[in-house]
Amino acid sequence: MDPFRLPRAVVPSRYDIRLEPDLTTLTFRGEETIAVSVAEPVREIVLNAVELAVDEAVVVDARGREQWATVGLDEASERCQLAFAEPLAVGAGRLRLVFRGTLNDKLRGFYRSVYKDPSGVSRTMAATQFEATDARRAFPCWDEPAFKAIFSVTLAIDPALTAVSNTRIVSKTRDGARKVARFADSIVMSTYLVAIVVGELEHTEPTLVGATPVSIWCVPGKRRLAAFGQEIAVASLRYFEDYYGLAYPGDKLDLLAIPDFAAGAMENLGAITFRETALLVDEQAASHAELQRIADVVAHENAHMWFGDLVTMSWWNGIWLNEAFATFMEMLAVDAWKPEWQRWVAFGVSRAAALSVDGLHSTRPIEFPVRAPREADAMFDVLTYEKGASVLRMLEQYLGAEVFRAGVREYLTRHRFANADTGDLWAALGRASQQPIPAVMDGWIFAPGYPVVSVSVEGGELVLRQQRFTYLAEPLRWFGATAAPAAAPARWQVPVRLRLAAGGRETVERVLLAEPETRRPLPAGFESVVANEGGHGFYRVRYDEALRERLLSRLPSLGAIERFNLVNDAWAVTAAGLMPITQYLDLTARFRDERDKNVWSVLIGSLHTLNRLVTPADRPKLEALVRDRAAPALAALGWTPQPGEDELTRQLRGDLIRALGTLGNDRAVQARAAELYAGHERGAAPVDPNVLPALIAVLAHAGDEGRYHEFFERFRTATTPQEEQRYLYALTAFPKPALVEQTLARTINGEIRTQDAPFVARSMLMAVHSREQAWDFVKKHWDTMDRLYPKHGLRRMAEGVVGLATPELEADVHRFFHERKIDLGGKTLEQYLEQLRVAVALREREGAALSAYLARF
Ligand code: BES
Ligand code: ZN
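Just so we're clear, the structure is a prediction, and the values are computed from it rather than from any experiment.

> Explain the packing of aromatic side chains to me, please; I cannot follow it from the model alone.
For any pair of aromatic rings, the description rests on two quantities: the centre-to-centre distance and the angle between the ring planes. Counted by the stated rule, this structure contains 39 aromatic pairs. Considering the side-chain rings of tyrosine 244 and tryptophan 306, the 4.9 Å spacing of their centres and the 40 degrees angle between planes classify their relative orientation as tilted. Highlighted residues: tyrosine 244 in helix 1 (residues 227-244) and tryptophan 306 in the loop between helix 2 (288-304) and strand 22 (311-313), separated in sequence by 62 residues. The residues tyrosine 244 and tryptophan 306 share a single accessibility class, namely buried. A ring pair is formed by tryptophan 337 and tryptophan 341, whose centres lie 6.0 Å apart and whose planes are at 85 degrees; its orientation type is edge-to-face. Taken together through their ring pairs, the aromatic side chains of Phe307, Phe325, Phe328, Trp344, Phe347, Phe404 and Tyr411 make up a single cluster. The side chain of arginine 405 reaches across the aromatic face of tyrosine 243, ending 5.9 Å from its centre.

> How should the coordination of the zinc ion (ligand 2) be read in this particular structure?
Octahedral six-donor coordination of a metal ideally yields angles of 90 or 180 degrees, compared with 109.5 degrees for tetrahedral four-donor coordination. In this structure, His300 (NE2), His304 (NE2) and Glu323 (OE) serve as the protein donors to the zinc ion (ligand 2), at separations of 1.8 to 2.1 Å. Mapped onto the polypeptide sequence, the residues donating to the zinc ion (ligand 2) form the spacing pattern H-x3-H-x18-E. Of this pair, histidine 300 and histidine 304 both sit in helix 2, four residues apart, roughly one helical turn. Histidine 304 shares its class with histidine 300; the two are buried.

> I'm lost on helix 3 (residues 319-337) in this one. Help?
In this model, helix 3 (19 residues) spans 27 Å end to end at C-alpha, consistent with the 27 Å of a helix rising 1.5 Å per residue. Counting buried positions over the 19 residues of helix 3 gives 16, a clear majority of the element.

> Is there a simple way to explain unusual backbone geometry in this structure?
Excluding glycine, a negative phi dihedral is what most residues carry, and trans is how most peptide bonds are arranged. The peptide bond linking glutamate 131 to alanine 132 adopts the cis configuration, its omega dihedral lying at 0 degrees. By the secondary structure assignment, alanine 132 is in the loop between strand 10 (122-129) and strand 11 (150-157). With a phi close to 60 degrees, leucine 26 is a non-glycine residue in the positive phi region. At asparagine 532, a position not held by glycine, the phi torsion is positive, near 55 degrees. Its location among the elements puts asparagine 532 in the loop between strand 29 (526-530) and strand 30 (540-543).

> Where do I start with the sheet that holds strand 11 in this structure?
Note on sheets: strands pair through backbone hydrogen bonds, and any given pair is parallel or antiparallel. Spatial strand order, 5-4-8-2-1-11-14-13: eight strands in an open sheet with mixed pairing. Strand pairing shows two members of the sheet lacking a second neighbour, strand 5 (66-68) and strand 13 (169-175), which therefore form its edges. Sheet twist, expressed as the average angle between the axes of neighbouring strands with direction ignored, equals 15 degrees.

> Would you take a moment to explain the site of ligand 1 for this structure?
As a matter of local geometry, ligand 1 sits amid 15 residues, with Glu131, Gly264, Glu267, Glu323 and Tyr385 nearest to it. A distance of 2.6 Å separates a nitrogen atom of ligand 1 from a polar side-chain atom of glutamate 131. Between ligand 1 and histidine 304 there is a distance of 2.9 Å, counted from an oxygen atom to a side-chain nitrogen or oxygen. In the complex, 88% of the free accessible area of ligand 1, which totals 510 Å², lies under the protein chains. The element that contributes the greatest number of residues to the shell around ligand 1 is helix 2, accounting for four residues. When the residues that make up the shell around ligand 1 are grouped by side-chain class, the tally is six nonpolar, five polar and four charged.

Calculation criteria
Residues numbered from 1 in each chain as written. Chains lettered and ligands numbered in written order. Predicted model: local features only at pLDDT ≥ 70, side-chain atom pairs only at ≥ 80, totals over all residues. Heavy atoms only, no water. Phe/Tyr/Trp six-rings, centres within 6.5 Å; stacked < 30°, edge-to-face > 60°. Helix = DSSP H or I, 4+ residues; strand = E, 2+ residues; numbered from the N terminus. Buried < 20%, exposed > 50% of the residue type's maximum accessible area, 1.4 Å probe, protein only. Lys NZ or Arg CZ within 6 Å of the ring centre and 35° of its normal. Donors = N, O, S within 2.8 Å, 3.2 Å for Na, K, Ca; no water. Expected span 1.5 Å × (residues − 1). Pairing = 2+ DSSP bridges. Axes fitted to C-alpha atoms, helices over the stretch in contact; angles between N-to-C directions. Near = heavy atom within 4 Å. Polar contact = N/O pair within 3.5 Å; in protein donor to acceptor, adjacent residues only side chain to side chain. Areas by Shrake-Rupley, 256 points an atom, 1.4 Å probe, with all protein chains shown as cover. Nonpolar A, V, L, I, M, F, W, Y, C, P; charged D, E, K, R; others polar.

This is the structure in structure tokens:
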């Protein structure tokens, strides 16, 4: 028997739950009646509960016999065992439970969130976050995604407060001093999708999408920041109803901004919860990046209303069906809403993040066995989201968008109100496309890694070869290394699209590369070839030197995503030791005329990585190289927006200023930034919102105590979530050790919310000026952080060790995790250590060559 799966002798079909949260004592009382179906005459009912006290449990079985249970609670297995004297009659029964719990501060289960109202007074609200396995902390339940049931929620609350749950309120009554709101029955759904929010809440005027009212909710005083979120909520809901060909499955749609929120957002049906930065924004004062973030998150959660909520994976191994699909649909919806944002080009950044982790020996297949809850938690990673979405995009492009959509519609219609597996999706897509989907897709979903396709001209032929791409030749040896990494096929079915230029004409050819090697004759008058035309493939391309040179000499003929991939793949191949660093640095010099922000982000990202590898003596030369590459682009754009200029160009200007002023340590840029910032603050000359965040970062980078205190105050008194974020992260960038120490102290002293503190610590581990201090701090306060932060916090923070790229620090990182026997869930730690090894290996291999190259700057 699997200790992590509940027995199926008794299963629920409906929960009538009444909860009474008390925001002054920070506790709640609850009672529930669960309609169950008894399949075998058992004397025990087993369900999930944790950190709850169960005061009463009584069952009425199909014969009408009432029995009181002896209640056993096992915190370790998170279960509640109800033992009865006599066997239960087979058939329909009713289970009634009375229980109590506390509104915790760990941002999971039923928890409290604390914020300041407009007059500065501290206020408390209550909210829930259940995915993956925390519904059991709010009410005893069959807390597995396949036990779908109807939920009928009643909340008895302080009359001064407002309550929101998944559905509309059907009745409002009084019960003594409390007001009682009863909510309509939900659709048949999984426990992890139930939501309850109670507090002093404001909401916007609803917009109707068909019959569905859509509103934004927030704490008092923030409603003015809701318009943009509401706009994309409405637009994406319309888009999805059309795309899926199915009506929205709820009776209303509320989107709620919660001041303390562990994840970015959560797709509770009809009551989507968000952290404030992911929903609330002053559109006029926000950068493109900040706006895109909100559009993404809102569209993503809305996509889940069907993919995840209406049709749900049977078990957590299939979480990619939820998250990869929502990520893919998020792109489609945002792209349809604002085509000028070129969302699929920006998706290159996400794909690159997945390619980077999936190039490790310690990667895992997208779909992977899961047993314990902590293993389920570890599944929410870049492989589930970004690799998953990438392979879906590759498949969509391969089958054609219409055929793909037809398959998706059929899948959703067939499995609505139920659960499904990857095989069900393949079957539906197979019926729609008349193609053998598993043959093409299983290598991408069930095997780890991906291929690098080498492209060369040999003997008048174009030769394509595939082999698995890994950064290191051998798996990392470390204390926790598993015996043998999952065996991967060295071969995938790779849908390759080639764009051949020959005799002044361009043609596109599609090849399904299934063999290790294929050859084709070169067309007459051959000029150049782009493999991965359009950039949708989840693989890397390694051109031979001559072919790469041909592409570099005609960069304007490549699409933005193709240029992105050219740089990104060259950089990966360099990190893997297959291309000399000097060649890569020469390549970066060919992009001075580049004007796409995503291409710049990969260029700048690689220079950030190098900055972690160079010796202190070489650092000023690397700064000079950064200026050499990026300054011409900023000079061409100028510091102020030109009339008619698009949003992406404005964002690029901000990105270049930030890179030059920080990584490039450009004194002139720093001086100009200070001037512009002062003018903006005086109200004399407002700065473009895409540039302002960069100015703040640059000033912090060059800032002293005075500036630090100024920025800390701005963080404390910020009037939008975005402003708060800009100043918060600026606090990590001040170079003085005493200021580094202050910011570190603030990650555990309550001045920075626990939802943000792990990310602040992570960025300090990654940055050269602070990494040693941050690492000492983290080692010293690990247990405190573990106690304070929400459950994904440590895992996110620990990713920062990837920045500790010196041999000495690397050894110390190994020692620490070994001695402390730290497990971050799944393969997380192993992946961080391997990424660290890749960086240190690059340093060891190329350090001398890099130093020689930099000597000319
Ligand atoms: N279902 C997730 C939220 C979640 C994540 C719950 C991890 C439990 C564990 C939600 O749909 C989601 O994916 N949120 C993302 C934002 C999204 C735009 C990628 C998040 O929280 O980062
Ligand atoms: Zn999601």
